[in-house]
Amino acid sequence: MAEPKVQAKRKGLLTPDNCVLALIDHQPQMLFGVTNSTVQTIINIPWHSQDSEGFRLPVVLTSVETKSFSGNVWPQLRAVFPNQEPIERSTMNSWDDTKLRRCVQKTGRKKIILVGLWTETCVALPT
């Protein structure tokens, strides 16, 4: 019987060796449209970030228009990745940003896990 890693690779599943985690625009202004949970609950869920640390996934943080509209990436999330500076963008589609694409490509990973508060903007557009 094949090892679990080999089986996962054959099936095309996400593994710590083949994916990168992109956290898109976890900023204060982006919370206003989220109504299915409390703001505090959402901010206190950098669980995906902490899990990525345990799995040793490369992580990319992004932000959009921090000074004019959205504010800085949540301090709770920055605390999980204190040495990582978010990629600042001026476009809503994060994949349009050359810096983001280069950062993801530099990891050598072909699978990208996109995490954002606004599915139609943070996740669907770059997908």
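Scroll up to find the structure this text is about.
Quick caveat: nothing in here was measured; it's all calculated off a predicted structure. Residue positions are given per chain, counting from 1 as you read along its sequence in written order. For this predicted model, a pLDDT threshold of at least 70 governs which residues receive local features, and a threshold of 80 or more governs which side-chain atom pairs are given and counted, while totals over whole chains, interfaces and linings are taken from all residues. Water and hydrogen atoms were dropped before computing side-chain values, which therefore reflect all heavy atoms in the structure.

A. Geometry of unusual backbone geometry. We note that D25 has phi near 55 degrees; this positive angle belongs to a residue other than glycine. Along the chain, the position of D25 falls in the loop between strand 1 (19–24) and helix 2 (39–43). Phi at E65 takes a positive value of approximately 45 degrees, unusual for a residue other than glycine. Position of E65 among the secondary structure elements: in the loop between strand 2 (59–64) and helix 4 (66–70). For helices the rule is a DSSP run of H or I covering at least 4 residues; for strands it is a run of E covering at least 2, with both sets numbered from the N terminus onward.

B. Up close: the nonpolar core. To form a nonpolar core, buried Ala, Val, Leu, Ile, Met, Phe, Trp, Tyr and Cys residues must be joined to one another through side-chain atoms within 4.5 Å. Remark: exposure states derive from per-residue accessible area (1.4 Å probe, protein chains only) relative to the maximum for the residue type, with buried under 20%, exposed over 50%, and partly exposed in between. Of all hydrophobic cores here, the largest spans 16 residues; its most connected members are L21, L23, V59, L61, W74, L77 and F81. In terms of residue count, strand 1 provides more of this core than any other element does, three residues in total. Note on definitions: a residue-residue contact is assigned when non-hydrogen atoms from the two residues lie within 4.5 Å. Each residue touching L61, except ones within four places of it in the same chain, is listed here: L23, L77, R78, F81, Q84, E85, P86 and I87.

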